[in-house]
Amino acid sequence: MKRLLLITGFVFYLLNPGFAQNYNPLQIPDTLVGPTFELNMIDTFRQFFPGQQTITSGFNGNWWGPTLIMQKGESVQMYVHNHLNDSTTVHWHGLHLPAVMDGGPHQIIPPGTTWSPYWKVDNAAATYFYHPHLHEMTEKQLVHGLGGFLIVRDSAEAALKLPRTYGVDDIPLAITDRKFTSDNQFRYTDAHYGDTVIVNGVMNASATLPAQVVRFRLLNVAQERAYLIGLSDNRNFWVIGGDGGLLDTPVVMNRLLMGVAERYEILVDLTGMEGKELKLMAFNASLETDVNGSEPVNTPAPFGNKLGRRNFMILHFKIAAKTNNPVTNIPSQLIPNTQLDTADVVKQRQVVLGDEPNQNIFNVRSWLDGRFFKFDRIDHYVPLDNTEIWAIKDESAGSHPFHIHDVQFRIVDINGAPPPAHRAGWKDVVYVRRNTTVRFITKFSDFADTIKPFMYHCHILFHEDEGMMAQFLVVPPGFQIPADSTSAVISPVQNTNYPIEVFPNPASSVLFFKGPQDAGMYYADVFNELGYNVLRVPGPDAENGINISFLPQGTYFIRFTDQKKRMYIAQFLKLSRE
């Protein structure tokens with residue numbers, strides 16, 4: 001009988017996506033607090049429907065990993081263990097860090113390998129996230145549940161009277177939608193929109209929230225769909241932050257459009273509502289026709305879906321008693337943000353979002369500047385410390401969420417007009433509408449690298465995988481930029497052996513190294529006797545050594561690559577940890 005009720009309730013939900021009443025408890029992701037973080041990527045299962053389980057993947061679990069809590073100014077060490085059957089990468093979306101630590105398509109983590117990047121947290125307090133970024137596999141791996149929140153805290157945000165009790169009045173919501181096959185498996189290669197809303201891994205989710213001001217950290221992790229966020233009783237809410245930090249002042253809104261990978265923090269005042277219920281909605285029946293998700297239900301594959309051009313529920317919540325120390329007022333001021341001065345701009349660039357010519361509109365591929373991504377092509381060289389304006393021009397048939405790695409930016413104008421107040425803060429994703437040009441200003445500070453590039457791309461997952469992506473190098477002073485800087489290629493690493501010393505040998509916990517005086521070590525790869533790469537260390541530190549404590553006992557080879565792309569190979573014996 002219980003099984004029948006579950007099936008009946010699910011059918012009702014599919015037919016009436018905005019009004020289902022059989023709710024499931026919202027899950028709040030666990031937290032990990034630094035400065036050291038350990039993440040295990042695994043293939044597993046999740047029970048979405050009665051009957052066969054759905055094959056999923058996850059960080060430290062079977063869907064959507066733990067929320068990483070970092071403090072601005074602290075140095076963090078990551079240990080990312082890949083137990084998947086596929087290679088992958090992990091991108092720290094929105095963070096300002098060296099390219100070699102960024103986790104883009106170039107920082108591949110083979111199966112059975114540990115990747116151990118580290119960096120000093122330089123971002124302002126905001127909601128970021130981490131996710132796979134393996135070229136041509138990003139959609140598959142994210143669809144299966146790989147990803148997680150990353151929250152940065154700082155003293156300026158901590159001084160404000162804002163809700164910040166995680167999971168109580170500070171609620172992270174990873175919003176997406178999925179389509180399933182008849183045997184309960186994910187569809188994605190022929191389905192870019194889902195039929196079912198999933199929030200933090202839960203369908204038809206419901207939460208109990210206190211009767212006070214509540215903070216929602218909203219993240220759109222759909223494959224393609226944009227969400228027009230609002231509340232079921234049409235009450236106002238306050239936007240307090242975007243991708244890269246808090247705004248100067250809260251912005252009162254009634255509807256909030258979110259493209260893929262955008263984040264917004266909003267405050268909802270539930271004071272005096274104890275015992276009542278409310279719903280966070282997507283009012284997508286009101287979407288304009290160029291917005292992703294505005295396609296009607298009967299649109300041909302791969303765009304047709306049961307949520308197309310409809311209003312539907314994202315989260316139901318019951319309102320309970322307020323907490324002992326509630327926030328009951330909306331602050332009038334937040335963080336005074338420093339503006340970049342357009343007088344300091346030394347370079348302006350343009351990126352055109354377009355479509356490959358194709359007679360079939362349902363099979364067209366989108367590209368950047370009339371070409372698709374190539375691993376060995378650098379599309380732009382950016383001198384270190386340049387302040388630049390980038391103009392992102394959409395000449396395609398639809399709208400695109402444009403994301404750039406390395407930097408946060410501020411929108412200068414949209415078709416010549418200033419951005420609305422809620423989009424005027426720091427961002428790393430901008431939703432560029434059809435026939436629109438968005439200009440943003442940014443500064444490329446801190447991290448120069450002549451080997452590994454940063455990416456920029458559309459964050460619609462299948463667009464990214466199909467090659468709507470390009471890359472740039474941030475280069476140091478004195479670097480000779482090629483005359484034809486739009487077609488230069490990344491030089492291959494020289495396959496030459498040079499002497500290097502590793503010690504102690506045998507080693508148990510930490511391995512140190514010493515090489516030629518002119519060799520700044522760039523990367524270290526450890527291989528076992530069978531030739532499998534078991535550890536990848538970007539920017540190995542000669543002073544602190546390399547942590548090998550988690551490797552099994554045995555014989556290993558370590559290969560260093562220096563800044564001149566020369567290779568150094570040594571052998572060492574790993575003993576059991578003392």
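Scroll up a little and you will see the structure.
The rules we used
Residues numbered from 1 in each chain as written. Predicted model: local features only at pLDDT ≥ 70, side-chain atom pairs only at ≥ 80, totals over all residues. Heavy atoms only, no water. Helix = DSSP H or I, 4+ residues; strand = E, 2+ residues; numbered from the N terminus. Contact = heavy atoms within 4.5 Å. Phe/Tyr/Trp six-rings, centres within 6.5 Å; stacked < 30°, edge-to-face > 60°. Buried < 20%, exposed > 50% of the residue type's maximum accessible area, 1.4 Å probe, protein only. Lys NZ or Arg CZ within 6 Å of the ring centre and 35° of its normal. Pairing = 2+ DSSP bridges. Salt bridge = Lys/Arg side-chain N within 4 Å of Asp/Glu carboxyl O. Axes fitted to C-alpha atoms, helices over the stretch in contact; angles between N-to-C directions.

Observations regarding the overall build of the protein chain
Each helix and strand in the protein chain was counted, giving four helices and 42 strands. Expressed as lengths along the three principal axes of its C-alpha atoms, the size of the protein chain is roughly 70 × 55 × 55 Å. For the protein chain, the share of sequence-separated contacts (at least 6 apart) that also reach a separation of at least 24 residues comes to 76%.

Concerning the packing of aromatic side chains
Under the criterion given, the structure shown has 32 aromatic pairs. Aromatic pair phenylalanine 454 and phenylalanine 472: ring centres 5.7 Å apart, planes at 35°, arrangement tilted. Note that phenylalanine 454 is positioned in strand β33 (residues 454-458) and phenylalanine 472 in strand β34 (residues 469-475), a separation of 18 residues in sequence. One exposure class covers both phenylalanine 454 and phenylalanine 472, and it is buried. Each ring, one from tyrosine 522 and one from tyrosine 523, has its centre 6.4 Å from the other, and the planes form 50°; the classification is tilted. Among the residues examined, tyrosine 523 registers a relative accessible area of 6% and is labelled buried. Site record: aromatic cluster; members linked through ring pairs are Trp390, Phe402, Phe409, Phe440, Phe444, Phe454, Tyr456 and Phe472. In this structure, arginine 46 is placed above the aromatic ring of phenylalanine 48, and the distance from its NZ or CZ to the ring centre is 5.8 Å.

Let's talk about unusual backbone geometry
Going from glycine 34 to proline 35, the amide bond is cis rather than trans, its omega being 15°. Checked against the element boundaries, proline 35 lands in the loop between β2 (31-33) and β3 (36-46). Note that the residue after phenylalanine 503, namely proline 504, is joined by a cis bond; omega there is -10°. Within the element layout of this structure, proline 504 appears in the loop between β36 (501-503) and β37 (510-514).

Structural notes on the sheet that holds β36
The sheet built from three strands is open, its strands ordered β36-β37-β40 with antiparallel pairing. Looking at the sheet topology across the chains shown, the edges are occupied by β36 and β40 (546-547). Sheet topology note: the β36/β37 ladder contains three bridges and is antiparallel. Across the sheet, residue valine 502 finds its bridge partner in β37, namely phenylalanine 513.

Structural notes on the pairing of strand β24 (residues 311-320)
Buried residues dominate β24, accounting for seven of its ten residues. Both strand β16 (residues 205-210) and β24 contribute to a ladder of five bridges, which runs parallel. Residue serine 206 lies in a different strand from β24, and its bridge partner there is histidine 316. As paired elements, strand β23 (residues 277-283) and β24 share seven bridges and run antiparallel to each other. Bridged to lysine 279 within β24 is histidine 316.

Regarding the pattern of salt bridges
Opposite charge on two side chains makes pairing possible when the charged atoms of those side chains draw close. In the structure shown here, the tally under the stated rule is 27 salt bridges. Across the pair arginine 215 and glutamate 265 runs a salt bridge whose closest N-O atoms are separated by 2.8 Å. You can see arginine 215 sitting in strand β17 (residues 213-220) and its partner glutamate 265 sitting in strand β22 (residues 263-269), a full 50 residues away along the chain. Lysine 427 is the salt-bridge partner of glutamate 262, the closest N and O atoms lying 3.0 Å from each other. Residue glutamate 262 is found in the loop between β21 (256-258) and β22, and its partner lysine 427 is found in the loop between β30 (410-414) and β31 (429-432); the two are separated by 165 residues along the sequence. A residue is classified by how much of its surface remains accessible, and lysine 427, at 2% relative accessible area, is buried. Within this structure, Glu157, Arg164, Asp170, Arg215, Arg217 and Glu265 form a network of salt bridges that share partners.

Re the environment of isoleucine 378
Its location among the elements puts isoleucine 378 in the loop between β26 (366-368) and β27 (380-383). Considering only alpha carbons, one finds isoleucine 378 and methionine 455, 77 residues apart in sequence, at a separation of 9.8 Å.

Regarding the sheet that holds β2
The strand order β2-β5-β11-β10-β7 describes an open sheet built from five strands, whose pairing is mixed. Across the chains shown, the open sheet's two edge strands, defined by having one partner strand only, are β2 and β7 (91-93). Direction aside, the axes of adjacent strands within the sheet are offset by 25° on average. The pairing of strand β5 (residues 67-71) with strand β11 (residues 148-153) spans four bridges and is parallel. Note on β11: the bridge partner recorded for leucine 68 is leucine 150.

Side note on the pairing of β3
With six bridges connecting them, β3 and strand β6 (residues 75-82) associate as parallel partners. By the bridge assignment for β6, leucine 39 is matched with valine 80. Strand direction decides the pairing type here: β3 and strand β4 (residues 54-59), joined by six bridges, are antiparallel. Pairing of threonine 44 across the sheet is with threonine 56, part of β4.

Read these as layout, nothing more, since geometry by itself doesn't imply function.
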